[in-house]
Amino acid sequence: MRRLLLLCCAAFLLFSLAFALRGEHGGDEKADFTFVSPDDHNFLDPQRMSWLHDLRVAECLYEPLVRFKLPELTVEPAAAAKWEVSPDGLTYTFHIRPEAQWSNGDPVTAGDFIHAWRRAIIPDMAADYSQLFFLIAGAEDFFHWRQEQLNFLQRARFASPGDLQRHIDKMWPDALDHFKETVGISSPDPGTLVVRLVRPTPYFLELTQFSAFAPVHAASVEKATSVRESVGVLETDATYWADPERLVTNGPYLLARRRFKNDLLMTQNPHYWNRAAMRNTSIREVFIADPNMAMLMYKQGRIDWLPEIPTASRLAADLVAQHRPDLVASPWAGTYFYDFNCLPTLEDGTVNPLADARVRRALSMAIDRKTIVERVTRLNQPVARSFIPPGSLPGYEPPVEDGADFKPEEAKRLLAEAGYADGSKLTGLSILFNTGQGHENVAQQIKRSWEEVLGVSVMLEGVEGKAFSQRLKTQHYTIARASWIGDYRDATTFLDKHASGNGNNDSKWASAEYDSLLHQASELTDPAQRLAALRKAESLLLREQPIAPIFHYITLQAYDPAKVEGLYPNIWNFRRLEFVRVK
Amino acid sequence: MIRLITSRLLQLPLILAVVFTVTFVLAWIVPGDPLSRPDGRRPSPEIEAAMKRQYNLDNPWRFAGQYITNVATKGDFGPSLQYLDQRVGRMIAEGLPVSATVGGVAIAMALVIGVGVGVIGALRPGSVLDMAGLVVALIGVSLPTFVTGAILLMVFSVWLNWVNAGAWEHWTDVLLPALTLSLAPAAYIARLIRLGLADVMSSDFVRTARAKGLSDPQVLFRHALKVAFLPVLSFLGPAAAVTMTGSFVVERIFNLHGIGQHFVDAVKNKDQFLLLGVVLVYATMLIVFNLIVDVAYAWVDPRIEL
């Protein structure tokens, strides 16, 4: 028995030791402003990030050339004190603010921007948004040139490992020279950045506020970057972006602490040029996966802001039903829609009935969208009658075609015209969705609508997220739920998706007329004519209905307006957290 | 005993190699692209190819070769494919102490509750206390942790406000998740002890001890419990490995940052590096805990030869 007791004591001591050494999870000190994110960051590399919660933190850590002023949503100088645009709209000259400094005291230079933008362009970094940089003269060609340089290494046979290494050693210096010679980004002096575009792009200035265009501290990033052995690919040590000791930032904050899946603390950058205007000196982001737990902590007063209550959660619908004064629902520049596979034949070689626009229009017209937002999601999102959310783009009013309206009789007529007077003859259709996000409820309602209105029977197919995106990409579906959130304030952020060659065009709808209208718009320099061409393109999209828009997204946030100042919810989810004050 | 320890430790790499192979094959054949997202932008084919090449996802043989080399030579489990700026080794190193703490306290609670309820049941079979213990044990086994966890959170955090919700600052923060995790093993231990004691108390050596004039508590604690505890000891090995490597449900309910969530996240996100990392750690812990139990077995009862 004594041995048993000894064993128990030893186990107890071991557990006590484990508790004492329980990692960096202690310490829950209060910051000036605390908010919640549903998950830890996927990547804090500004050139490679694309998730909403990553972008939110990047905006605090990095300052791009310009920023949006809130609540006006007008462009204001940031790292660039001023800029000029050439009369032909092709050349932008940015003058970097002389007082702008990195968190280590180094001055922010045009070279830092060039370094960052080059990182975004090269295929080595595999940046999601590299194509945004193809607006810059020579960038797309440079991308392919570098790709070929890397591909050559895979194909070539070298006499000895020494030869291979000598070749690899030469590749990156060659690439740097080629970039300098061919890409339209240059800096005549450290304070001036000159950018030459392929064509006049009215939204380019606004685009530069996007995180992918933020600068990086060239010296420290270079230190963390190396050429990968035998493949010659340039790689930045990913842990650099998560390491407070090494990460150098030029935004209002620096990274003070990062505890994986626990929290992230940002404190005021002592070298930030505009710190006198900041209304807080520290921000803490807490990661909480369960929305109910996040709400509980918010109610206990330990959280100031819940920026994104998952709209698919039951909690969201319950909170909306309570009409809480601290719950702010605002429109978001995104659309929930259904993709129709438009390929002429399906995977099994049979004729695809959805290749006929009349069938797609009939299915779309048979969807009772109002019931979906009122009774299924219970969030009363704006019903979508267009792909681009109304009010999201200045000067652009989306066209309204009748394809997205609930018209049972017209739907029946169109289906009969397409040869399916008896809806039950339209077979082989299924709705594909990813599970666990509330999509099943919407799919159930749409299935019911199609059965009741058209007599068309469809299957429901729920698969997990990774398999879902794979099937969407390979058109291994007939009908699938989809969504799209705009990246920047121009109609092309939505409309380019449906261009025939676009990698995100999951419906594989190919319309020469649509492509031509987009091309025409890209050539037009008159803003009104350009918008008119884009509107025409969207109108065509809505008539042909390769997609059935269901509703436009909303964001649900919780904060006490009497306590938290300066958040200014807006349709593009732009934030300036440095100007937020908690009373 | 030294021979046992040596042979088990020598078997460890072999077992891990089998576990690695099975996990690797399963992770590789599951449909879906680890780098894709249901709602994300799809990068150009060139970028996709570059990303896959970066993580060796374009070639399973190269992936396996590189992975094994890195783990064996540098102890590097690679990057997470979901949290790209994190290393799997660091994620496990940060999460394991949390899971181990909660799991360790849960096992300690399970022992105290289980042995207590089991002893009462064996000493006073059919009494009110025995029945109450059995009911508690039944509830412990039957209720899933997401129910007990939510109930405990509601009662102690929301209504009584005794402990913080979702915090990991004070020693009391470990109690609710540990209690949630402890109920099922406590119930099982209670049943093992009760049955074991009922059996032992009617055996010859207990009768002899009583005949020598020892009181019931003396018989129980000096002789009977030691024998009845042996099955509990065998149960504790795998139970400790399971509880100390975390629970997805409990960690999510109480917002703990252990490694339990990594198991589910890794599968959900097809994060092959993370999946292999946590499975290898789990397998190692299971083997080590079983070895500790075997050694403890012989130590507690010297009659057992290893």
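Residues numbered from 1 in each chain as written. Chains lettered and ligands numbered in written order. Predicted model: local features only at pLDDT ≥ 70, side-chain atom pairs only at ≥ 80, totals over all residues. Heavy atoms only, no water.

Remarks on the overall build of chain A
Operational definition: The way it works is that DSSP assigns letters per residue, a run of H or I at least four long becomes a helix, a run of E at least two long becomes a strand, and they are numbered from the N terminus. Each residue is placed in one exposure class: buried if its accessible area under a 1.4 Å probe, protein chains only, is under 20% of its type's maximum, exposed if it is over 50%, and partly exposed if it falls in between. For this analysis, residues touch if any pair of their heavy atoms sits within 4.5 Å.
Scanning chain A for helices and strands turns up 17 helices and 19 strands. Viewed in the frame of its principal axes, chain A has a C-alpha envelope of about 80 × 70 × 60 Å. Sorting the 583 residues of chain A into buried and exposed places 58% on the buried side. Taking the contacts inside chain A whose residues are at least 6 apart along the sequence as the reference set, 70% of them involve residues at least 24 apart.

Comments concerning the interface of chain A and chain B
For clarity, the threshold we go by: Note on definitions: salt bridges are taken to be side-chain nitrogens of Lys or Arg within 4 Å of carboxyl oxygens of Asp or Glu. Side-chain atoms alone can form a polar contact between residues adjacent in sequence; in general such a contact is a pair of N or O atoms within 3.5 Å, and within protein one must be able to donate a hydrogen while the other accepts it. In this classification, the charged set is Asp, Glu, Lys and Arg, the nonpolar set is Ala, Val, Leu, Ile, Met, Phe, Trp, Tyr, Cys and Pro, and all remaining amino acids, among them Gly, are polar.
Facing the 80 residues of chain A at the interface are 72 residues of chain B. Counting every contact that joins chain A to chain B gives two salt bridges. Here Arg258(A) and Asp85(B) are joined by a salt bridge, their closest N and O atoms 3.4 Å apart. Counting every contact that joins chain A to chain B gives 13 residue pairs in polar contact (both at pLDDT 80 or more). Those elements that provide at least two residues to the side of chain A that touches chain B are α1 (2–20), α4 (139–155), β10 (253–259), α8 (291–299), α14 (465–473) and β16 (479–485) of chain A. Ranked by residue count, the leading element in the side of chain A that touches chain B is α14(A), at eight residues. Tallied by class, the residues present in the side of chain A that touches chain B amount to 34 nonpolar, 24 polar and 22 charged.

Points about the environment of Gly334(A)
All names here are of chain A. On the secondary structure map, Gly334 appears in strand β13 (residues 327–340). A residue is classified by how much of its surface remains accessible, and Gly334, at 0% relative accessible area, is buried. Along the primary structure Gly334 and Phe494 are separated by 160 residues, whereas in three dimensions their C-alpha atoms are 8.8 Å apart. Once residues lying within four places of it in the same chain are set aside, the contact partners of Gly334 are Pro389, Trp484, Ile485, His552 and Tyr553.

Regarding the sheet that holds β16(A)
Adjacent strands of a sheet pair through backbone hydrogen bonds, lying either parallel or antiparallel. Residues and elements named next belong to chain A. Operational definition: Pairing between two strands is assigned when DSSP locates at least 2 bridges connecting them. For helices, the axis comes from a line fit to the C-alpha atoms of the stretch in contact; other axes are also lines fit to C-alpha atoms, and the angle between any two N-to-C directions lies between 0 and 180 degrees.
The sheet built from five strands is open, its strands ordered β15-β14-β16-β13-β17 with mixed pairing. Bordering the open sheet on either side are β15 (459–463) and β17 (547–558), each of which pairs with just one other strand. Put simply, the sheet's adjacent strands are angled 30 degrees from each other on average, direction ignored.

Some remarks on the pattern of salt bridges
Residues and elements named next belong to chain A. Inspection of every chain in the model, using the stated rule, returns 48 salt bridges over all chains. Where Glu374 meets Lys370, a salt bridge forms, and the shortest distance between an N and an O atom there is 3.2 Å. With Glu374 and Lys370 both in helix α11 (residues 369–376) and four residues apart, this pair spans about one turn of that helix. Classification of Glu374 by relative accessible area gives partly exposed; the value is 38%. Overlapping salt bridges bring together Asp356, Arg358, Glu410, Arg413 and Glu417 as one network.

Points about helix α9 (residues 216–244) of chain B
Residues and elements named next belong to chain B. The test is simple: To estimate how far a helix should reach, multiply one less than its number of residues by 1.5 Å. Note on bend: at a given residue it equals the angle between the axes fitted to the 7 residues ending there and to the 7 starting there.
An ideal rise of 1.5 Å per residue puts 42 Å on 29 residues; α9 reaches only 36 Å between its terminal C-alpha atoms. Within α9, the axis deviates most sharply at Ala224, by approximately 50 degrees. Gly246 sits one or two residues past α9 and shows a positive phi near 90 degrees.

What to know about the sheet that holds strand β6 (residues 185–186) of chain A
All names here are of chain A. If you trace the four strands from one edge of the open sheet to the other, you get β4-β5-β7-β6, paired in antiparallel fashion. In the strand order of this sheet, the two ends are held by β4 (80–85) and β6, each with one partner. Pairing analysis gives five bridges linking β4 to strand β5 (residues 91–96), with the strands arranged antiparallel. Its bridge partner being in β5, Trp83 is matched across the sheet by Phe94. Each of β5, β6 and β7 (192–196) is contacted by helix α3 (residues 110–121), which is oriented at about 35 degrees to β7, the strand it contacts most.

Concerning the pairing of strand β2 (residues 66–69) of chain A
All names here are of chain A. Bridge analysis of β2 against strand β3 (residues 74–77) gives four bridges, and the strand direction is antiparallel. Across the sheet, residue Lys69 finds its bridge partner in β3, namely Thr74. Hairpin remark: β2 followed by β3, antiparallel, with four residues in the connecting loop; positive phi at Leu73, about 60 degrees.

Remarks on the packing of aromatic side chains
Residue and element names in this part refer to chain A. Note the cut-off: Stacked, tilted and edge-to-face are the three classes assigned to paired rings of Phe, Tyr and Trp, where Trp is represented by its six-membered ring and a pair needs centres within 6.5 Å; plane angles under 30 degrees give stacked, over 60 edge-to-face, the rest tilted. For a ring to carry a charge above it, either NZ of a lysine or CZ of an arginine must fall within 6 Å of the ring centroid while also lying within 35 degrees of the normal to the ring plane.
Per the stated rule, a full pass over the model turns up 40 aromatic pairs over all chains. Among the aromatic residues, those joined into a ring-pair cluster are Tyr92, Phe94, Phe113, Trp117, Phe133, Phe204 and Phe213. The ring of Trp273 has Arg97 sitting right over it, with the charged end atom 3.6 Å from the ring centre. For the cation-ring pair, Arg118 lies above Phe179, with the distance from its terminal atom to the ring centre recorded as 5.5 Å.

Some points on the nonpolar core
Rule in force here: The nonpolar core is taken to be a set of buried Ala, Val, Leu, Ile, Met, Phe, Trp, Tyr and Cys residues, with the residues joined through side-chain atoms within 4.5 Å.
Of all hydrophobic cores here, the largest spans 150 residues; its most connected members are Trp117(A), Ile136(A), Leu193(A) and Phe204(A). Among the elements that make up this core, the one with the highest residue count is helix α12 (residues 272–300) of chain B (15 residues). In contact with Trp117(A), not counting residues within four places along its chain, are Leu65(A), Phe133(A), Ile136(A), Ile185(A), Leu193(A), Val195(A), Phe204(A), Thr208(A) and Phe213(A). Formed by 39 residues, the second largest nonpolar core is a distinct cluster that contains Val36(A), Met297(A), Leu327(A) and Leu556(A).

Thoughts on the pairing of β15(A)
All names here are of chain A. Rules: Whether a crossover is right-handed comes down to one check: with the strands pointing away from the viewer, does the path from the first strand over the helix to the second run clockwise; if it does, it is right-handed.
Here strand β14 (residues 430–434) pairs with β15 via five bridges, running parallel. When the bridges of β15 are listed, Leu432 appears paired with Glu461. Each parallel crossover has a hand, and for β14 linked through helix α13 (residues 439–454) to β15 it is right-handed.

Concerning helix α3 (residues 60–74) of chain B
Residues and elements named next belong to chain B. Going by this rule: Arc, as used here, means the arc of the directions from the helix axis to the C-beta atoms.
Between the first and last C-alpha of α3 there are 20 Å, a value that for 15 residues agrees with the 21 Å anticipated at 1.5 Å per step. The complete set of buried residues in α3 reads Phe63, Ala64, Tyr67 and Asn70. One side of α3 carries all its buried residues, which in axial view fall inside an arc of 140 degrees. Opposite its buried face, α3 presents the exposed residues Trp61, Ala72 and Thr73, each directed more than 90 degrees away. Considering only its buried residues, α3 is in contact with α1 (2–29) and α12. Two residues or fewer past α3, Gly75 is found with a positive phi of approximately 65 degrees.

Structural notes on the domain arrangement of chain A
Residues and elements named next belong to chain A. Keep this limit in mind: Here the limits of each domain have been adopted from an automatic or database domain assignment. Note on definitions: buried area is the accessible-area loss of two parts on being combined, 1.4 Å probe, summed for both.
Parsing chain A into structural domains produces domain 1 (52–242) and domain 2 (329–555). Spacing between the C-alpha centres of domain 1 and domain 2 amounts to 35 Å. Of the roughly 950 Å² buried where domain 1 meets domain 2, counting both sides, 59% is carbon and sulfur surface. Contact with domain 2 buries area across many residues of domain 1, yet Arg199, Tyr203 and Glu206 alone supply 40% of it, more than any other trio. Scanning the region where domain 1 abuts domain 2 turns up one salt bridge. Linking Arg489 and Glu206 is a salt bridge whose minimum nitrogen-to-oxygen distance equals 2.9 Å.

As for the confidence of the model for chain B
Put simply, the rule is: You can read pLDDT as the predictor saying how much it trusts each residue, on a scale of 0 to 100.
Looking at chain B, pLDDT values average 85 and 98% of them are 70 or higher. Among the prediction metrics, the complex's ipTM stands at 0.78, with pTM recorded as 0.85.

Things to note about the packing of α1(B) against α3(B)
Residue and element names in this part refer to chain B. Our working definition: Any angle that is under 35 degrees is reported as roughly parallel, and any over 145 degrees as roughly antiparallel; angles of 65 to 115 degrees are reported as roughly perpendicular and all others as oblique. Each helix crossing is assigned a hand: it is left-handed if the near helix lies turned anticlockwise from the far helix by less than a right angle, otherwise right-handed if that turn is clockwise.
Orientation of α1 relative to α3, taken along the N-to-C sense of each, is 140 degrees, at an axis distance of 12 Å. Compared by their axis directions, α1 and α3 come out oblique. Between α1 and α3 lies a crossing whose hand is right-handed. Listed contacts from α3 to Phe20, Phe24 and Trp28 of α1 are Pro60, Phe63, Ala64, Tyr67 and Ile68. For the contact of α1 with α3, the per-class residue count stands at eight nonpolar, no polar and no charged.

Quick notes on the side chain of Arg259(A)
All names here are of chain A. In this fold, Arg259 is placed in strand β10. Here Arg259 falls in the buried class, since its relative accessible area comes to 4%. A polar contact of 2.8 Å, which involves the side chain of Arg259, links it to the side chain of Asp263.

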